[in-house]
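Breakdown of the fold
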Amino acid sequence: MEIDPFIFRLSIFILSIFIGYYVVWSVTPSLHTPLMSVTNAISSVIIVGAIIAGLAGSTENVFTISNILGFLAISLAAINIFGGFLVTQRMLQMYKKKKKDK
Amino acid sequence: MEIDPFIFRLSIFILSIFIGYYVVWSVTPSLHTPLMSVTNAISSVIIVGAIIAGLAGSTENVFTISNILGFLAISLAAINIFGGFLVTQRMLQMYKKKKKDK
Amino acid sequence: MSANLSAIFYLVSGVLFILALRGLSSPETSRQGNFFGILGMVIAITVTFLSVGSFSSGLIYVLIFLLVGGLIGAFIAYKIPMTAMPELVAGFHSLVGLSAVFVAISAFLNPEAFNLGSPGAIKLASLIEMSIGAAVGAITFSGSIIAFLKLQGIMSGSPITFKGQHFLNALLLFSILVLTYLLCSSQSSNFFWILIAVSFLIGFLLIIPIGGADMPVVISMLNSYSGWAAAGIGFTLENTALIITGALVGSSGAILSYIMCKGMNRSFFNVILGGFGATEQSASTGNKEQRPVKSGNAEDAAFLMKNASSVIIVPGYGMAVAQAQHALREMVDTLKKNDIKVTYAIHPVAGRMPGHMNVLLAEANVPYDEVFELEEINNDFANADVAFVIGANDVTNPIAKTDPQSPIYGMPVLDVEKCKSVLFVKRSLSPGYAGIDNELFYKDNTLMLFADAKKMTEDITKNL
Amino acid sequence: MSANLSAIFYLVSGVLFILALRGLSSPETSRQGNFFGILGMVIAITVTFLSVGSFSSGLIYVLIFLLVGGLIGAFIAYKIPMTAMPELVAGFHSLVGLSAVFVAISAFLNPEAFNLGSPGAIKLASLIEMSIGAAVGAITFSGSIIAFLKLQGIMSGSPITFKGQHFLNALLLFSILVLTYLLCSSQSSNFFWILIAVSFLIGFLLIIPIGGADMPVVISMLNSYSGWAAAGIGFTLENTALIITGALVGSSGAILSYIMCKGMNRSFFNVILGGFGATEQSASTGNKEQRPVKSGNAEDAAFLMKNASSVIIVPGYGMAVAQAQHALREMVDTLKKNDIKVTYAIHPVAGRMPGHMNVLLAEANVPYDEVFELEEINNDFANADVAFVIGANDVTNPIAKTDPQSPIYGMPVLDVEKCKSVLFVKRSLSPGYAGIDNELFYKDNTLMLFADAKKMTEDITKNL
Amino acid sequence: MRIVSILENQNIDKRIAITPEIAKKYIALGFQITLVEKYGEHLGFKDSDYKELGVEISTDETQILSKANIIIQLGLLSDENLSNLKENQTLIGVFNPYNNKEKIENLSKKNINVFSLEMLPRITRAQSMDILSSQANLAGYKTVIESFANFEKAIPMMMTAAGTIPAAKVLVVGAGVAGLQAIATAKRMGAIVFATDVRMASKEQVESLGGKFLTVEGSENLETEGGYAKEASEEFKKKQEDLLAETLKKIDIVICTALIPGKKAPLIIKGSMIDNMQSGSVIYDLAAVQGGNAEFTEVDKVVVKNGVKIMGETNILNKLPVSASNLYSKNVFNFVSNLYDKENNKININLEDEIIEKTLIK
Amino acid sequence: MRIVSILENQNIDKRIAITPEIAKKYIALGFQITLVEKYGEHLGFKDSDYKELGVEISTDETQILSKANIIIQLGLLSDENLSNLKENQTLIGVFNPYNNKEKIENLSKKNINVFSLEMLPRITRAQSMDILSSQANLAGYKTVIESFANFEKAIPMMMTAAGTIPAAKVLVVGAGVAGLQAIATAKRMGAIVFATDVRMASKEQVESLGGKFLTVEGSENLETEGGYAKEASEEFKKKQEDLLAETLKKIDIVICTALIPGKKAPLIIKGSMIDNMQSGSVIYDLAAVQGGNAEFTEVDKVVVKNGVKIMGETNILNKLPVSASNLYSKNVFNFVSNLYDKENNKININLEDEIIEKTLIK
Ligand SMILES: NC(=O)c1ccc[n+]([C@@H]2O[C@H](COP(=O)([O-])OP(=O)(O)OC[C@H]3O[C@@H](n4cnc5c(N)ncnc54)[C@H](OP(=O)(O)O)[C@@H]3O)[C@@H](O)[C@H]2O)c1
Ligand SMILES: NC(=O)c1ccc[n+]([C@@H]2O[C@H](COP(=O)([O-])OP(=O)(O)OC[C@H]3O[C@@H](n4cnc5c(N)ncnc54)[C@H](OP(=O)(O)O)[C@@H]3O)[C@@H](O)[C@H]2O)c1
Ligand SMILES: NC(=O)c1ccc[n+]([C@@H]2O[C@H](COP(=O)([O-])OP(=O)(O)OC[C@H]3O[C@@H](n4cnc5c(N)ncnc54)[C@H](O)[C@@H]3O)[C@@H](O)[C@H]2O)c1
Ligand SMILES: NC(=O)c1ccc[n+]([C@@H]2O[C@H](COP(=O)([O-])OP(=O)(O)OC[C@H]3O[C@@H](n4cnc5c(N)ncnc54)[C@H](O)[C@@H]3O)[C@@H](O)[C@H]2O)c1
């Protein structure tokens with residue numbers, strides 16, 4: 001009777017697709033640029049995989065190719081995370097300021 | 001490293017709540033009544049549980065209280081399923097006719 | 001059928017249910033949506049049969065009960081008049097609630113069949129899930145019954161309140177928690193039965209203080225409850241379809257009732273907590289007897305007009321006060337773009353000076369050949385689909401034709417009530433110049449649109 | 001940290017990401033949304049650290065690389081001019097794609113660390129997932145690089161097409177499938193490397209035929225790809241956060257590009273398949289030398305005006321032709337409700353008869369104290385945020401001030417170009433009464449709104 | 001049953017009481033009609049038009065009147081004609097019974113039914129017979145046209161290459177039927193319209209036509225005491241006068257329509273106010289006959305004071321006789337229909353009917 | 001530099017060429033001004049108003065003219081005054097050089113610079129001096145007001161308890177500046193407005209004001225041949241006439257504004273058409289002085305034909321003299337500014353300038 005966890009993951013995957021679909025339709029068009037930069041930032045959650053890759057393997061040799069790739073991936077994703085969120089913050093700040101101006 | 005399936009179910013549950021949230025916002029208000037009757041019909045998917053209850057237990061005695069409750073639940077849910085979907089159909093048909101009128 | 005395969009199919013049916021609701025986002029796709037719903041249900045049921053596997057002789061009974069229920073359901077669906085929809089939905093809800101209770105009890109009595117342990121030693125998680133399912137199911141059941149009775153008129157629609165009501169409700173809800181705890185720690189079935197009984201009581205108490213006018217919100221709320229009950233059972237049975245659907249129905253019902261409250265300009269919590277709403281209502285009513293009116297919003301009006309083939313506009317003093325002539329013209333332009341025939345009916349004394357309406361319509365550049373005087377157009381109302389009465393009142397009042405005592409007796413009036421539907425745009429139920437009540441507000445084919453005429457007209461245009 | 005606990009936290013971070021996107025449904029909640037996003041990311045990273053458990057000395061390197069990356073990212077975010085957003089986002093995408101490739105390779109090389117079997121005997125499912133992650137990641141990377149180069153102007157923005165392009169792409173995509181199959185059946189790493197190489201090529205080929213104007217759509221599409229890549233890796237790593245987020249980003253990106261296409265009135269498939277779009281574009285240009293203008297739609301105009309604190313309306317003959325005065329009044333009313341100061345600037349010879357504009361504005365009941373003649377208002381343009389030029393042309397033409405050869409030299413003109421932004425509502429680039437071109441159409445702070453004046457004004461009102 | 005009508009004194013009134021359109025309606029109801037020759041010619045209704053419908057045209061006024069059952073006029077007949085009227089004849093018109101008391105008493109004594117239509121109760125059912133409303137409405141319109149024609153500047157705002165003509169400012173005093181129509185008409189033309197009235201309800205009505213109501217500070221307190229402002233305190237009246245004086249300084253055209261039924265018209269535009277008005281302004285006083293709302297008003301004369309033209313006529317509807325006659329005759333037709341008992345072909349003086357009771361002069 | 005102006009013959013023209021507002025502007029530019037006494041009094045501009053600004057007021061016309069460098073008028077001076085003019089003086093006005101050829105030639109001989117402003121080229125730069133536009137605009141407006149005042153029915157549609165007054169139908173012949181303003185004005189009042197013109201471009205312009213353009217069937221073919229319809233075939237003209245005749249049957253008011261520069265006005269409303277018009281209709285012929293667009297037009301007379309009033313005046317602007325003077329004087333000011341060389345304080349007759357070249361009469 002045990003269900004393969006893959007099926008659960010698949011369910012989660014499919015349901016998330018629906019949410020993505022709906023979530024975007026409800027975003028006001030004027031915020032489409034921030035939306036892009038936020039989703040971009042979010043998609044670098046791949047850093048999770050990068051960290052696992054970076055820390056994987058024996059404790060002695062941390063410089064297997066696999067680890068090094070992990071480290072690089074961490075850097076790339078981190079650029080994205082910080083850059084993405086901060087730039088979004090800046091954009092949204094602009095909206096706020098404009099509103100206040102009047 | 002095995003994850004309890006409950007957690008997957010919880011994920012599925014939570015994601016579905018989001019979908020429910022978004023799905024309703026996108027329904028045109030004029031279809032709110034059909035919406036209610038469809039969701040009503042859908043919620044009788046509980047019949048799945050009722051069937052399991054009805055067929056549960058030994059093959060000899062099909063009339064344990066548990067089974068009988070299952071049978072009753074099946075009937076109730078079935079009323080709902082048929083009634084709900086058909087009535088929705090009728091309502092939606094009405095909308096269609098109106099459109100054609102002109 | 002393997003557990004994996006059936007899990008996939010359950011997922012599919014869950015997705016189909018999502019698509020069913022999604023279909024309702026527009027009338028065009030709505031019937032397709034309903035079809036998805038049916039398909040999802042068929043898949044779920046079939047998969048269940050196949051996965052139970054052990055085809056005991058019970059199968060035949062299952063099928064019989066299924067058939068009987070189905071026939072009853074189909075019968076009701078065909079016979080019910082369309083106007084009784086709210087009652088019907090309320091009635092159906094009660095069934096879902098009750099079956100949730102039955103399934104929960106069944107699982108409690110025969111946990112082995114559901115893989116939940118053995119009687120007296122049911123898994124803790126399952127026990128909690130089961131209790132939630134049963135309690136919510138019971139609340140749904142009794143609540144729906146009350147809603148049904150109120151809507152059917154068997155029970156008075158007016159709110160029933162008593163002192164300490166909220167306190168009692170809170171107490172009972174708390175006792176549910178306690179009972180669940182006791183049940184889990186003792187596994188004694190007594191607590192289970194008490195739990196269910198208390199839940200029935202709560203459902204009853206929750207709904208009686210809510211007034212008839214708020215019933216649509218309540219029904220949607222109960223819908224939501226039935227969803228949560230299904231989800232609870234879903235967890236018990238470890239069934240994805242039930243979990244997805246339950247959560248879907250649960251959240252969508254809750255949001256829907258919220259949306260409806262917003263549409264009616266009522267506070268969600270007042271409605272749901274009941275009783276509060278009632279006092280507010282009675283305060284505004286004063287001690288004058290108030291007859292029920294159907295009131296709608298811009299969306300309803302837009303929908304009605306969009307589906308009309310001819311619309312007659314009846315302007316009155318309120319249009320002038322609101323200076324809604326430009327907005328009106330805009331609305332009419334949009335209607336005409338949709339191939340709807342629109343004409344204006346001008347009553348000889350509409351407004352406050354002779355020719356008042358003409359001045360305003362000319363200002364808004366309404367072509368003269370769309371403007372008709374009473375005698376020219378009065379017969380057309382019978383063939384028109386919608387009369388859009390904007391800020392007019394006395395000039396439509398049929399009492400002028402019937403009651404010699406009335407101050408406006410003998411005045412010719414526009415026969416708007418002969419239209420299939422009448423939309424009245426005004427800010428309140430207050431009377432017009434002549435100071436008399438207008439029977440039409442309470443008619444079945446009348447929809448009141450309470451708002452400033454300009455605002456409402458603009459909103460309608462947005463929704464067209 | 002137990003697997004269960006971390007799974008729950010991953011779920012939480014997934015939910016937070018959903019809330020982050022949801023926050024963007026209105027500017028008010030948007031900053032909160034961004035905060036949720038950051039929180040979700042922090043949770044995901046922390047949980048990963050805690051759950052890996054074995055704190056090898058690698059940890060220090062991980063932290064260093066994280067820090068370095070973070071600093072670079074922060075630096076870029078602060079330095080980048082707001083106008084370079086599209087490039088920036090394209091650039092960032094390439095990074096996500098590349099890290100997906102790296103992670104996939106890392107997992108391929110060291111499957112034990114990820115619980116996927118041993119090198120040469122990786123679980124089938126994982127292998128497929130890994131291939132998908134790597135392939136999509138690689139496509140994202142090279143595609144984003146091209147997009148970035150095109151936007152930066154390093155590469156020409158014009159579409160690069162060649163014969164058989166679509167055939168080549170189809171072939172390559174098919175070869176990916178073949179390679180995956182071969183990889184799974186042979187477990188030979190060579191296929192894996194080829195797979196990645198081919199994917200890089202595909203990314204490159206997919207984007208080069210797409211014109212610069214369509215880049216925003218492409219970026220959003222690449223965004224979507226990066227999501228799918230993350231989801232693929234998520235399956236490999238059995239990580240819920242990655243799956244949820246990947247699917248979320250994947251579908252939202254796809255829908256967003258669809259929405260953007262619709263907004264630009266372009267066919268989604270034409271844009272995505274590239275090349276098709278390009279031919280269409282060049283056809284409409286004709287052989288006349290055409291200078292570039294910025295043209296926008298009602299939403300852009302609404303957005304600009306909503307965020308303005310003062311707007312000056314400049315009506316001209318086109319407003320009269322379109323009879324847009326009522327719609328204009330409606331729009332202005334809406335603006336004023338948003339606390340925006342609106343005035344009308346009337347040029348002495350606007351229209352075709354003396355006082356033409358006054359007649360129309362009076363018809364629409366525009367209050368006289370909002371209407372100013374040229375001399376009264378000409379200095380105000382410098383302080384206004386938006387000049388909304390509706391159907392006027394000659395009366396704004398600065399050539400009258402500069403070119404003695406021009407037929408309108410010496411006529412006073414409204415200095416609309418001094419506003420922060422100028423919106424021109426007209427149907428085309430064709431000239432006005434005087435028959436001469438207007439320099440303003442091509443200015444940087446001008447947005448052309450090509451449409452009938454009435455239609456456009458109504459649309460803008462809808463978007464306000 | 002014979003309905004007749006003869007021409008009014010053409011110097012006083014050019015309107016007629018039976019247009020061809022209405023003659024047709026009478027005939028359809030079963031009446032005979034006799035009219036004097038050239039009855040409608042000055043309005044473009046030829047005798048032949050009437051004859052085609054079956055109307056009798058006669059030259060002899062005395063004979064016409066003697067045959068009549070119902071005589072429909074606008075004003076009173078000449079004394080000679082009055083003396084020829086006989087018992088049981090019915091006379092319908094607008095007879096100003098306060099001023100013509102004696103003459104009408106004589107008629108009543110002769111058992112002649114005299115209905116004076118300005119006495120109609122203002123009930124909803126009587127709206128279609130309400131000659132005061134129908135005529136005041138046209139008067140309100142025409143006053144504006146006349147004053148615009150007499151104003152030496154253009155009314156609407158025009159921003160032109162040769163400079164800007166500002167919109168003219170019009171003040172309407174009294175926002176009854178005539179006043180409201182005046183507001184509407186002036187507004188249409190592009191004037192900036194102000195209005196004042198003592199009835200508080202009129203504020204909303206004025207605004208419903210796009211006019212600006214001159215609201216006196218502190219008027220809110222007054223409104224609570226009851227819709228009408230009659231009971232206004234002296235202080236309030238003073239404030240109102242100040243406001244008016246201040247407003248008038250920038251007003252180009254004043255249209256006066258304020259009346260109090262059965263009384264002399266209130267004096268509202270005082271001499272001192274006129275002194276402060278701009279030279280070239282126009283005051284058109286529709287209340288002239290009842291004494292005028294402005295200080296120097298003289299009937300049928302143009303008085304120029306300080307460059308301000310003050311005008312007022314006995315009957316402005318003489319300048320709009322066709323429309324006025326159309327509405328008047330329709331009003332009277334509705335009145336006669338109500339009076340007429342078709343089954344018995346007789347006039348049914350049912351004193352239970354408020355309309356008949358109020359208009360019948362005893 | 002001294003600018004002067006004396007009164008026109010008040011019977012012909014009540015307008016003035018220098019209003020106080022403009023006098024101030026001239027003085028600011030450095031001119032001196034002398035005006036004859038009571039120059040603007042009839043328009044409400046008092047002598048004292050001028051004096052305050054520094055204008056000299058004098059009683060002696062001969063003396064005034066003799067001192068002048070620039071003389072600004074509307075029409076030509078009296079013969080006597082003309083004979084007093086001296087070399088190098090500049091005379092500006094509207095002199096109709098075709099009709100007054102001899103007189104003007106005499107002036108030119110005396111080396112007097114005569115600028116006749118109706119000769120202004122219609123270029124964009126001259127718009128602010130374009131007296132034809134500014135005056136025609138006002139004339140178009142006033143014609144409508146006058147014809148409405150002379151129409152015996154109400155213009156706007158009124159649906160009332162006493163019946164419906166239909167909206168009046170107005171036809172505007174010629175959609176130039178005056179015609180367009182007439183359309184706008186009639187439309188404002190609630191009339192249903194039709195218009196006709198030979199220039200095809202005017203269709204869109206008429207519609208931009210809410211008027212209906214009378215489009216002749218088959219006109220589409222014509223448009224391709226070139227914007228103007230002058231080259232229209234006989235067949236087309238016939239069709240147009242039929243359409244007009246048909247339309248006129250239901251028209252209440254006709255406003256004629258069709259002109260052909262330097263020629264007699266085209267005859268458009270033929271006698272036969274007038275015969276078919278409704279009695280009570282009004283034709284106001286703005287082209288009266290140039291011969292009229294209607295068959296029976298006589299200047300300054302009201303001709304009644306078949307119940308149709310046909311009217312036309314020499315100068316309708318005499319009924320709107322204040323606004324007309326405001327715009328005229330502003331136009332002239334703009335013209336003088338262009339002519340004046342401030343640095344050298346002299347009139348600079350730069351024949352390179354199209355505006356000066358075209359208006360100077362040689
Ligand atoms: N035409 C004439 O010459 C004349 C002259 C004097 C009197 N009258 C009388 O006036 C009446 C005319 O009838 P009618 O139907 O035109 O008007 P009415 O009966 O007076 O009704 C007008 C309605 O408009 C509504 N209203 C007011 N302001 C509004 C706003 N801003 N937005 C939306 N609705 C608004 C009011 O209801 P809420 O307050 O609920 O919004 C009111 O019930 C007749 O009784 C007639 O006898 C006519
Ligand atoms: N006021 C007077 O007395 C008078 C008299 C005669 C001539 N003029 C001359 O007329 C001109 C007036 O300047 P202006 O700026 O008002 O007008 P303009 O320069 O003629 O420009 C009008 C613009 O409106 C656009 N348009 C036309 N129909 C439209 C519609 N339905 N929707 C949107 N746009 C529309 C046209 O562009 P698209 O075709 O691209 O849409 C055109 O470029 C001046 O050159 C002036 O000298 C004035
Ligand atoms: N119910 C109906 O069928 C019906 C029909 C016609 C008119 N009416 C109403 O009757 C009312 C009076 O109409 P009317 O035109 O016959 O009135 P009217 O001709 O008697 O008076 C004209 C106006 O002058 C105003 N006035 C009097 N003294 C004033 C003063 N000192 N200062 C300023 N204004 C002053 C009055 O309030 C009135 O509004 C209006 O409200 C009208 O709507 C009702
Ligand atoms: N560019 C500028 O600055 C400027 C300034 C003013 C006027 N204009 C234009 O000049 C044009 C003429 O203006 P105007 O008012 O001085 O013209 P106008 O007074 O000479 O003539 C009036 C109108 O009568 C029309 N007409 C002539 N014969 C006709 C016939 N047989 N039937 C019908 N209509 C006939 C003409 O087409 C013209 O529209 C207009 O288009 C106007 O817009 C341009």
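Residues numbered from 1 in each chain as written. Chains lettered and ligands numbered in written order. Predicted model: local features only at pLDDT ≥ 70, side-chain atom pairs only at ≥ 80, totals over all residues. Heavy atoms only, no water.

**A short note on the interface of chain A and chain D**
Heads up, the condition is: Pairs of residues are marked as contacts when any of their non-hydrogen atoms sit within 4.5 Å. Once two parts are put together, the accessible area they lose, assessed with a 1.4 Å probe and summed over both, is termed the buried area. Here a salt bridge means any side-chain nitrogen of Lys or Arg lying within 4 Å of a carboxyl oxygen belonging to Asp or Glu. Polar contact is the term for a pair of N or O atoms within 3.5 Å; when the atoms are in protein, one must be able to donate a hydrogen and the other to accept it, and sequence-neighboring residues count only if both atoms are side-chain atoms. A run of H or I in DSSP counts as a helix once it spans at least four residues, and a run of E counts as a strand once it spans at least two, with each numbered from the N terminus.
Counting residues at the interface gives 82 residues for chain A, matched by 97 residues for chain D. Taken together, the two surfaces of chain A and chain D that pack against each other cover about 8,000 Å², and 79% of this comes from carbon and sulfur. Of all residues in chain A, the largest losses of buried area upon contact with chain D belong to A:M36, A:I46 and A:L55, amounting jointly to 9% of the total for that side. Connecting chain A to chain D are one salt bridge. Taken together, the connections running from chain A to chain D amount to 13 residue pairs in polar contact (both at pLDDT 80 or more). Residue contributions to the side of chain A that touches chain D peak at 31 residues, all from helix α4 (residues 65-101) of chain A.

**Concerning the confidence of the model for chain E**
Residue and element names in this part refer to chain E. Here is the rule we go by: Note on scores: pLDDT gives the predictor's confidence for each residue, bounded by 0 and 100.
Averaged over all residues, the pLDDT of chain E equals 90, while 95% of them reach at least 70. The low-confidence segment residues 220-231 (pLDDT under 50) makes nine contacts with residues lying over four places distant or belonging to another chain. Here the prediction assigns the complex a pTM of 0.71, and the interface score ipTM is 0.68.

**Some words on the arrangement of the chains**
Nowhere do chain B and chain E come into contact; their C-alpha atoms are at least 34 Å apart. Regarding chain B and chain F, which are not in contact, the minimum distance between any of their C-alpha atoms is 31 Å.

**So, the pattern of salt bridges**
This is how it is decided: Only protein chains enter the area calculation, which uses a 1.4 Å probe; residues under 20% of their type maximum are buried, those over 50% are exposed, and those in between are partly exposed.
Tallied over the full model, the rule gives 52 salt bridges over all chains. Across the pair D:D333 and C:K454 runs a salt bridge whose closest N-O atoms are separated by 3.2 Å. Placement of the pair is D:D333 in helix α14 (residues 325-337) and C:K454 in helix α18 (residues 453-463), with the two residues belonging to separate chains. Taking the relative accessible area as the measure of exposure, D:D333 reaches 12% and is therefore buried. The residue E:K270 makes a salt bridge to E:E241 at a minimum N-O spacing of 3.1 Å. You can see E:K270 sitting in the loop between β12 (253-256) and α11 (271-275) and its partner E:E241 sitting in helix α10 (residues 234-248), a full 29 residues away along the chain. E:E241 gets classed as partly exposed once you look at its relative accessible area, which sits at 35%. Through salt bridges with shared partners, a single network forms among C:R329, C:D333, D:K454 and D:E458.

**A short note on the UniProt feature "transmembrane region" (unreviewed entry) in chain C**
All names here are of chain C. Using the following cut-off: UniProt positions are given in the numbering used here, feature names are shortened, and annotations may be inferred rather than shown by experiment.
UniProt tags residues 6-24, 36-53, 59-78, 90-109, 121-146, 167-184 and 190-210 as "transmembrane region" (unreviewed entry). Here residues 59-78 runs as 100% helix and 0% strand, with 28 Å between its end C-alpha atoms. Secondary structure content for residues 167-184 is 100% helix and 0% strand, while the C-alpha to C-alpha distance between its ends is 26 Å.

**Overview of the site of ligand 3**
Threshold: What makes a residue near a molecule or strand is one non-hydrogen atom of that residue sitting within 4 Å of it. Each accessible area is a Shrake-Rupley result for a 1.4 Å probe, and residues are judged covered by the shown protein chains and nothing else. Gly counts as polar in this scheme, as do all residues outside two lists: the nonpolar Ala, Val, Leu, Ile, Met, Phe, Trp, Tyr, Cys and Pro, and the charged Asp, Glu, Lys and Arg.
In the neighbourhood of ligand 3, 19 residues make up the surrounding shell, with E:R122, E:Q127, E:S133, E:V177 and E:D197 lying closest. With respect to ligand 3, the chains having nearby residues are chains C and E. Here an oxygen atom of ligand 3 and a side-chain polar atom of E:R122 are 2.5 Å apart. In this structure, E:G176 approaches ligand 3 through a main-chain N or O atom, which is 3.2 Å from an oxygen atom. Notes on ligand 3: free accessible area 840 Å², of which the protein chains cover 80%. Across the shell around ligand 3, the residue classes tally to 10 nonpolar, five polar and four charged.

**Remarks on the domain arrangement of chain C**
Residue and element names in this part refer to chain C. Note the cut-off: Here the limits of each domain have been adopted from an automatic or database domain assignment.
Taken as a whole, chain C is organised into domain 1 (1-79), domain 2 (82-278) and domain 3 (298-463). On the side of domain 2, nine residues touch domain 1, which itself brings eight residues to the contact. When domain 1 packs against domain 2, the two sides together hide about 730 Å² of surface, and 82% of this comes from carbon and sulfur. Summed over the shared surface of domain 1 and domain 2, the number is zero salt bridges. Our enumeration of links across domain 1 and domain 2 arrives at one residue pair in polar contact (both at pLDDT 80 or more).

**Things to note about the pairing of strand β4 (residues 341-346) of chain D**
Remark: a regular strand shows side chains that alternate across the two faces of the sheet. Residues and elements named next belong to chain D. Our working rule: Any two strands with at least two DSSP-identified bridges between them are counted as paired. Note on handedness: a clockwise path from strand one over the helix to strand two, with the strands aimed away from the viewer, defines a right-handed crossover.
Counting buried positions along β4 yields five of six residues, so the element is predominantly enclosed. Of the pairings in the sheet, the one linking strand β3 (residues 310-315) to β4 comprises four bridges and is parallel in character. Directly across from I312, in β4, lies its bridge partner T343. When β4 meets strand β5 (residues 371-373), the two strands line up parallel, connected through three bridges. For Y344, the partnering residue across the bridge sits in β5 and is V371. Remark: the β4/helix α15 (residues 356-363)/β5 crossover connection has right-handed handedness.

**Description of the sheet that holds strand β14 (residues 301-305) of chain F**
Pairing between sheet strands relies on hydrogen bonds along the backbone, with the strands arranged either parallel or antiparallel. Residues and elements named next belong to chain F. Read across the open sheet, the seven strands follow the order β11-β10-β9-β12-β13-β15-β14; overall the sheet is mixed. Only two strands of the sheet have a single neighbouring strand rather than two, namely β11 (212-213) and β14. Here β14 runs beside strand β15 (residues 308-312); their pairing, made up of five bridges, is antiparallel. Note on β15: the bridge partner recorded for V303 is I310.

**Considering the side chain of E:S325**
All names here are of chain E. Secondary-structure assignment places S325 in helix α12 (residues 321-339). Looking at S325, the relative accessible area reads 0%, which means it is buried. Within the local environment of S325, its side chain forms a polar contact with the backbone nitrogen of I16, the two atoms lying 3.0 Å apart. Those residues in contact with S325 that lie beyond four places of it in its chain are R15, I16, T19 and L43.

**Description of the sheet that holds strand β8 (residues 446-450) of chain C**
All names here are of chain C. Put simply, the test is: Helix axes use the C-alpha atoms of the stretch in contact, all axes being lines fitted to C-alpha atoms, and the angles between their N-to-C directions lie in the range 0 to 180 degrees.
The sheet built from six strands is open, its strands ordered β5-β4-β3-β6-β7-β8 with parallel pairing. At either margin of the open sheet sits one strand with a lone partner, and together these are β5 (371-373) and β8. With direction set aside, neighbouring strand axes in the sheet form an average angle of 25°. Sheet topology places strand β6 (residues 386-390) next to strand β7 (residues 421-426); five bridges connect them, and they run parallel.

**Concerning the site of ligand 1**
Neighbouring residues of ligand 1: 28 residues in total, closest C:N393, C:D394, C:R427, C:S428 and E:Q127. Here C:R427 contributes a backbone N or O atom positioned 2.7 Å from an oxygen atom of ligand 1. Taking 910 Å² as the accessible area of ligand 1 by itself, protein coverage stands at 92%. Sorting elements by how many residues they give to the shell around ligand 1 places helix α13 (residues 317-322) of chain C first, with four residues. Residues belonging to the shell around ligand 1 are distributed by class as follows: 14 nonpolar, nine polar and five charged.

**Quick notes on the environment of E:S116**
Residues and elements named next belong to chain E. By secondary structure assignment, the location of S116 is in strand β6 (residues 113-116). Separated by 12 residues in the primary sequence, S116 and I104 have C-alpha atoms spaced 10.0 Å apart. Each residue touching S116, except ones within four places of it in the same chain, is listed here: G93, V94, F95, N96, P97, T359 and I361. Only 2.4 Å separates the side chain of S116 from the side chain of E118, close enough to count as a polar contact.

**Points about the domain arrangement of chain E**
Reports often express the size of an interface as the amount of accessible area lost when the parts come together. Residues and elements named next belong to chain E. Looking at the assigned domains, one finds that chain E contains domain 1 (2-119 + 321-361) and domain 2 (138-318). The C-alpha-based centres of domain 1 and domain 2 are spaced at 35 Å. The partner domain 2 presents four residues to the nine residues of domain 1 that form the contact. When the two sides are added together, the surface that domain 1 and domain 2 hide from each other amounts to roughly 580 Å², 55% of it contributed by carbon and sulfur. The interface formed by domain 1 and domain 2 holds zero salt bridges in total. Across the contact surface, domain 1 and domain 2 share three residue pairs in polar contact (both at pLDDT 80 or more).

**Considering the packing of aromatic side chains**
Basically, it comes down to this: Stacked, tilted and edge-to-face are the three classes applied to pairs of Phe, Tyr and Trp rings, where Trp contributes its six-membered ring and a pair requires centres within 6.5 Å; stacked means planes under 30 degrees apart, edge-to-face means over 60, and tilted covers the rest.
Scanning all chains against the criterion turns up 38 aromatic pairs over all chains. Aromatic pair A:F71 and D:Y61: ring centres 5.8 Å apart, planes at 35°, arrangement tilted. Of this pair, A:F71 sits in helix α4 while D:Y61 sits in helix α3 (residues 58-79), which puts the two residues in different chains. Overall, the relative accessible area of 29% leaves D:Y61 in the partly exposed class. For the pair D:F108 and D:W193, a centre-to-centre distance of 6.3 Å together with 75° between the ring planes defines the contact as edge-to-face.

**Concerning the side chain of C:T240**
Locating C:T240 in the fold gives a position in helix α9 (residues 240-264). The residues touching C:T240, leaving out its near neighbours within four places in the chain, are A:S11, B:I12 and C:Y10.

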